[in-house]
Amino acid sequence: MNNTERFKHIILQHQPSMQRMAEYLLHDETIAEDAVQDALVDLWKQRDDLLKANNSEAYCILLVKRRCIDILRKRHSEQPLDEQSLIETEPPPDDREARYQQAMRMVAKMPEMQRKVILMKYEQAKTTQEISKELGISTTNLYTTLSRAISNLRKMMSHEE
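Residues numbered from 1 in each chain as written. Predicted model: local features only at pLDDT ≥ 70, side-chain atom pairs only at ≥ 80, totals over all residues. Heavy atoms only, no water.

Attention shifts here to the nonpolar core. Membership of the largest hydrophobic core comes to 19 residues, with the highest contact counts inside it found for Ile11, Met18, Leu43, Leu50 and Cys60. Counting residues per element, the ones that place at least two in this core are α1 (3-26), α2 (29-45), α3 (47-52) and α4 (56-78). Setting aside chain neighbours within four positions, we find Met18 in contact with Val36, Ala39, Leu40, Leu43, Cys60, Ile61 and Val64. Residues Met106, Val117, Leu142 and Met157 belong to the second largest nonpolar core, which totals 15 residues. (Core = buried A, V, L, I, M, F, W, Y, C linked by side-chain atoms within 4.5 Å. Buried < 20%, exposed > 50% of the residue type's maximum accessible area, 1.4 Å probe, protein only. Helix = DSSP H or I, 4+ residues; strand = E, 2+ residues; numbered from the N terminus. Contact = heavy atoms within 4.5 Å.)

For the rest of this paragraph, the subject is the packing of α1 against α2. One can describe the packing of α1 onto α2 by two numbers: an axis separation of 9 Å at closest approach and a directional angle of 145°. The hand of the α1/α2 crossing is right-handed. For the pair α1 and α2, contact is made by Thr4, Phe7, Ile11, Gln15, Met18, Gln19, Ala22, Glu23 and Leu26 and by Glu29, Ile31, Ala32, Glu33, Ala35, Val36, Ala39, Leu40, Leu43 and Trp44, respectively. Its residues assigned to classes, the contact of α1 with α2 comprises 13 nonpolar, three polar and three charged. (Axes fitted to C-alpha atoms, helices over the stretch in contact; angles between N-to-C directions. Left-handed = near helix turned anticlockwise from the far one by under 90°. Nonpolar A, V, L, I, M, F, W, Y, C, P; charged D, E, K, R; others polar.)

Once that is clear, we can look at the side chain of Ser17. Residue placement: Ser17 occurs in helix α1. Using a relative accessible area of 11% as the deciding quantity, one classes Ser17 as buried. Beyond its immediate stretch of four places on either side in the chain, Ser17 contacts Glu57 and Ile61.

If you want it as structure tokens, here you go:
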């Protein structure tokens, strides 16, 4: 087995526990998926260290924890200082509906697989395991597709504004 195959084997084995850890720390499945995806990129860059590690699961979990801590620090630094500023930044209810309609128009323009994944995840509220099984793709592929779909949606929405 070459190094790329060994890396893939290790990641497929540990990704579910990485996802659970990220969800536990961040309390948000979508942000947790992004954190795991970022950790996977870091792991690929450090694959030689990963392949040499005595406990590959601990190594993977450590990188996810670090990524989650970075996200939590950023989230903490972006928190409003007082309740009044929170109220002022809250969009009016009708504005939320307009953004939702805008997002749905953007989703309709996405590639088929990304569109399916977004709709199943957020419209039908299916779990990643349900989506993976229904579409016949691995959870790794699903996380990648979902991450790309969210990124595309963000870009499309920002260009519309």
